[in-house]
Amino acid sequence: MDPSPNPLPSPGDAGALARLRGLLEAARAVRAGGDLQPLLEAIARVISVSLGFRTVVINLHRPAWDDFEVVVVHGSDEARRVLLGTTRSWAGWQALLDPRFERSGTYLIPAGEFDWDADGIVSYVPPDVPNAAPGEWHPEDGLMVPLRSSTGRLLGIVSVDEPIDGRRPSDLQLEVLAAVCGHAALAVEHAQAAAEADRQRAAVQHLLRVSARLTGRRSVEEMLFAVCAGIREALGFQRVIVALTEGPDHRLMVRSSVGWSEEEIAALPPVPLSAISRLLRPEHQREGCVLLAREEAELLTPSELHDLHRGRRNGRGPLAWQNHWLIVPLHDRDGAFTGIVWVDEPEDCLAPTVEGLQALRAFANQAISAVESTRQLEHLRHLAAHDPLTGLRNHRDLEPRIADAMGRSAAVSVLVCEVDGLRRVDEALGSEAAADALRRFAEILRRSTRGSDVPTRLEGDEFALVLRDTDRIAALAVAERLRAAVREEFSDLAVRVAVSVGLAATGTDLESAGEVLGAAQSALDAARRLGPDRAVAHHPTTAGLLDTLRDAERSSGEQLAAAILLAETLDLRDPATAHHAQTVAALAEQTGRHLGWPTERVERLRAAGVVHDIGKLGIPDEILLKAGALDADEWREMRRHPELGAAILEHANLPDLAAWVRAHHERVDGTGYPAGLAGGAIPAEARVLAVADAYEAMTADRPYRASIGAHAAEAELRRAAGTQFDADVVDALIEAVGDGDDSLPNPV
């Protein structure tokens, strides 16, 4: 029967191609499992109904024979009778797909330009139309469109005939036809790829099953899947499940299956052994299997199990399968119940014979043997790759795991942690308490990770954490949460336990797993030197500078240069305060000159200005770079930076600069921090740094606020003189700014 008489899309029908594309994409999605024949039939219907051809023929390429088989004929019964199932060689098609016939991606062969009877070509010629006028379709016209894959491979050829409007299509209509066939080709390619993937998976599983019988070196899931697939292939059951017992109530949990979708498996509830214990009694078993009619099985089980599944492959008569229950209990070598094999939907719709039950029992025995041998092997492998105290992975394959994460993720971070206070726990509470502290910390690491993250125990009190899809800022957040979790977890101990963290993330300066791990370990070393309970991130600009400062054999000048370079990198770390240190240094220098200090003292003061905020290197980025206001805990963390800076400078044998930096947030009225010093107890250099730091902060533009201007800043300094600031220093700085030194900010 002819389709409905829809004409070919007109040049003005802009939505036709979009509608056709949607239809084809829907058909392709429905047939994503590789069911090719219905998909091809749907494509033929779409072309016929939407583009207005009474006859649509799909010739599918068969790679094994390099020919084309007519698999779909949409049109008259006569056309199907003549064409369906016929084949044509590639050589036969080459004569038709001649470049001289090519038009707009199709091949239009006018009547009289090709001998359809030559070389035994099988063709269908519609009934003759007498006296066809120019431009009208002639029964011996031919119109074909190749179906090509995304790589250009020829998948098939669509041949159309008998346009409903009786005319040869225009170039625009041919373009539409070519576009539709292009989408059809993609749908065919997708379905064929899915079918090929299925075939490959089946071949791989068969190979794995053979290999398993020889070596047994596979996981429980792999072994059980091989058993499930073997039951389906050898015994014809289309649905197979292996469920093993877990937990104190011996719940049955699905460990492998075939014939079930993920959604169906997810919908199955965990079944306690007690729910099927009556079903598994010996009197219900034949050949080691439980085969019962559904009515019998439902009498022996709770009602919530009655509708778990009802198969569709049922027959009639005394030998037929009619929603039977067929379960094979699994027992280990000591006789303990460990699980079941549940099968359903036999392909032949018959209940299994005695021989069939014996074969099924043999597969079940293979399943339990596979589970026991593989679990033993997995246990040995686990012992080789895991730390016996904490259960975490050990360090043996840490670098390869980092490399694997780098290959799978755009951003990878590595945290190296050290449990602070473990030695004190051992001394005060004993070795078992120290071991327990390590186990508790390992549990914190587990809770802090996602499924793809890998916690590792390195040695002693050091651990590592590999974080996929995590950049440097996100890793710092993980480190901060880890520090907080440790403080909370160990709040019950009389001895303080904390954690120091060094971290590094993949980036331009870290290209290999070894480099990332080494950078994280160097950052941990820096965290140790900054004090306990610290998190330090590797930064390419600051790499190695702390090592320079630590070297006590260097001269004071070299260490001061290194400290200044380290402080300058802080400006690079925080673009919002870029050049802050240099500006404070210049202000401090000119203020010292106006106070009449000697040149050597002024130069030392300028150096202190450069390094006054060096302690902020120990402040996490999430606090230092926070755009909004800091909360109370964040302020407490930020107020640590003078002491952190002093510690760094003391390590560098710069005790005078360390004392000034430690006191540069003290106030002359005694309400500053960290020590609450007042008046003359505050070093004079620190009082200069305080005024210079405040003036720079008020007169510099920041992303979150604009400068208040030099005049307003001077007024604010005078208002706070005698309380927050030293009045003489305020006068000296204002005079220095007023003198218009080129190195100072211009007053506005």
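Since the model is a prediction, treat every value here as computed from it, not as a measurement. (Residues numbered from 1 in each chain as written. Predicted model: local features only at pLDDT ≥ 70, side-chain atom pairs only at ≥ 80, totals over all residues. Heavy atoms only, no water.)

(A) Spotlight on the overall build of the protein. Per the secondary structure count, the protein includes 25 helices and 19 strands. Expressed as a percentage of its 748 residues, the buried residues of the protein come to 48%. Put simply, 64% of the contacts in the protein that link residues at least 6 apart link residues at least 24 apart. When the accessible surface of the protein is summed, it comes to about 35,200 Å², and 51% of that surface belongs to carbon and sulfur atoms. (Helix = DSSP H or I, 4+ residues; strand = E, 2+ residues; numbered from the N terminus. Buried < 20%, exposed > 50% of the residue type's maximum accessible area, 1.4 Å probe, protein only. Contact = heavy atoms within 4.5 Å. Areas by Shrake-Rupley, 256 points an atom, 1.4 Å probe, with all protein chains shown as cover.)

(B) Region of interest: helix H23 (residues 684–699). Look at H23: 23 Å from first C-alpha to last across 16 residues, which is about the 22 Å you get at 1.5 Å a residue. The buried fraction of H23 amounts to 15 of the 16 residues, a majority that puts the element mostly inside the structure. (Expected span 1.5 Å × (residues − 1).)

(C) A look at the pairing of strand E13 (residues 325–331). Extensive coverage of E13 is indicated by the burial of six of its seven residues. Of the strand pairs in this sheet, strand E12 (residues 289–292) and E13 are connected by three bridges, and their pairing is antiparallel. Residue valine 290 lies in a different strand from E13, and its bridge partner there is isoleucine 327. Linking E13 to strand E14 (residues 337–346), which pair antiparallel, is a turn of five residues; within it glycine 335 sits at a positive phi near 90°. (Pairing = 2+ DSSP bridges.)

(D) Quick look at the packing of aromatic side chains. If you walk through the whole model with that rule in mind, you get five aromatic pairs. On the numbers, 6.2 Å between centres and 40° between planes, the contact of phenylalanine 68 with tryptophan 90 is tilted. You can see phenylalanine 68 sitting in strand E2 (residues 67–74) and its partner tryptophan 90 sitting in helix H4 (residues 90–96), a full 22 residues away along the chain. Among the residues examined, phenylalanine 68 registers a relative accessible area of 2% and is labelled buried. Directly above the aromatic system of tryptophan 93 lies the positively charged group of arginine 88, at a separation of 4.5 Å from the ring centroid. Directly above the aromatic system of tryptophan 260 lies the positively charged group of arginine 239, at a separation of 4.7 Å from the ring centroid. (Phe/Tyr/Trp six-rings, centres within 6.5 Å; stacked < 30°, edge-to-face > 60°. Lys NZ or Arg CZ within 6 Å of the ring centre and 35° of its normal.)

(E) Summary view of unusual backbone geometry. For the bond running from tyrosine 673 to proline 674, omega is 15°, close enough to zero to count as cis. Secondary-structure assignment places proline 674 in the loop between helix H22 (655–662) and H23. Notably, glutamate 162 is not glycine yet its phi reads approximately 55°, a positive angle. By the secondary structure assignment, glutamate 162 is in strand E7 (residues 154–163).

(F) Structural view of the sheet that holds strand E9 (residues 251–258). Spatial strand order, E10-E9-E8-E14-E13-E12-E11: seven strands in an open sheet with antiparallel pairing. If you trace the sheet from one side to the other, it starts and ends with strand E10 (271–272) and strand E11 (285–286), each paired once. Here helix H6 (residues 220–235) sits on the sheet and contacts strand E8 (237–246), E9 and E14; the angle it forms with E9, its principal contact strand, is near 60°. (Axes fitted to C-alpha atoms, helices over the stretch in contact; angles between N-to-C directions.)

(G) Molecular detail of the nonpolar core. Core analysis: the largest hydrophobic core is formed by 40 residues, its most contacted members being Leu649, Leu657, Tyr695, Leu717, Phe725 and Leu733. Secondary-structure elements contributing two or more residues to this core are helix H17 (580–594), helix H18 (599–611), helix H21 (641–651), H22, H23, helix H24 (710–720) and helix H25 (727–738). It is H23 that provides the largest number of residues to this core, a total of nine residues. Discounting residues that sit within four places of it in the chain, phenylalanine 725 has contacts with Val668, Ala690, Val691, Ala694, Leu717, Ala720 and Val730. Among the nonpolar cores identified, the runner-up in size contains 31 residues, and Leu40, Ile43, Ile47 and Leu174 belong to it. (Core = buried A, V, L, I, M, F, W, Y, C linked by side-chain atoms within 4.5 Å.)

(H) Just the pattern of salt bridges, in detail. Across all of its chains, the model carries 34 salt bridges by this definition. With its nearest N and O atoms 2.8 Å apart, the salt bridge here joins arginine 168 to aspartate 141. Within this pair, whereas arginine 168 is found in the loop between E7 and helix H5 (171–215), its partner aspartate 141 is found in the loop between strand E5 (106–109) and strand E6 (142–148), the two being separated by 27 residues in sequence. Among the residues examined, arginine 168 registers a relative accessible area of 32% and is labelled partly exposed. Here arginine 408 and aspartate 404 are joined by a salt bridge, their closest N and O atoms 3.1 Å apart. Residue arginine 408 and its partner aspartate 404 are both found in helix H10 (residues 398–408); the two are separated by four residues, about one turn of the helix. On the basis of relative accessibility, which here comes to 33%, the residue aspartate 404 falls in the partly exposed class. Each of Asp436, Arg440, Arg447, Glu489 and Asp492 takes part in a single network of salt bridges with overlapping partners. (Salt bridge = Lys/Arg side-chain N within 4 Å of Asp/Glu carboxyl O.)

(I) Spotlight on the packing of H18 against H22. Following both chains from N to C, one finds H18 and H22 inclined at 55°, their axes separated by 10 Å at the closest point. Here H22 runs oblique to H18, going by the angle between their axes. Crossing handedness for the pair H18 and H22: right-handed. Contacts between H18 and H22 pair Arg604, Leu605, Ala607, Ala608 and Val611 from the former with Asp656, Leu657, Trp660 and Val661 from the latter. Partitioned by chemical class, the residues of the contact of H18 with H22 number seven nonpolar, no polar and two charged. (Parallel < 35°, antiparallel > 145°, perpendicular 65-115°, else oblique. Left-handed = near helix turned anticlockwise from the far one by under 90°. Nonpolar A, V, L, I, M, F, W, Y, C, P; charged D, E, K, R; others polar.)

(J) How the structure looks around the packing of H23 against H24. As a packed pair, H23 and H24 sit with axes 9 Å apart at the nearest point and diverge in direction by 145°. As H23 packs across H24, the resulting crossing turns out to be right-handed. Here Val691, Ala694, Tyr695, Met698 and Thr699 of H23 come into contact with H24, specifically with Ala710, Ala713, Glu714, Glu716 and Leu717. The residue makeup of the contact of H23 with H24, split by class, is seven nonpolar, one polar and two charged.

(K) Just the sheet that holds strand E17 (residues 462–468), in detail. Strand order across the open sheet formed by five strands is E16-E17-E15-E18-E19, with mixed pairing between neighbours. Looking at the sheet topology across the chains shown, the edges are occupied by strand E16 (454–459) and strand E19 (535–537). Mean inter-strand twist for the sheet, computed between neighbouring axes without regard to direction, equals 20°. Packed onto the sheet, H10 meets strand E15 (412–420), E16 and E17 and runs at close to 15° relative to E17.

(L) Fine view of the environment of arginine 593. Among the structural elements, arginine 593 can be located in helix H17. Judged by its relative accessible area of 38%, arginine 593 falls in the partly exposed class. Linking arginine 593 and leucine 733, residues 140 residues apart in sequence, is a C-alpha distance of 9.6 Å. Reaching out from arginine 593, the side chain makes a polar contact with the side chain of glutamate 589 at a distance of 2.8 Å. (Polar contact = N/O pair within 3.5 Å; in protein donor to acceptor, adjacent residues only side chain to side chain.)

(M) Spotlight on the side chain of glutamate 345. With respect to the helices and strands, the residue glutamate 345 is situated in strand E14. Owing to a relative accessible area of 5%, glutamate 345 belongs among the buried residues under this scheme. Looking at glutamate 345, its side chain comes within polar contact range of the side chain of arginine 239, at 3.4 Å.

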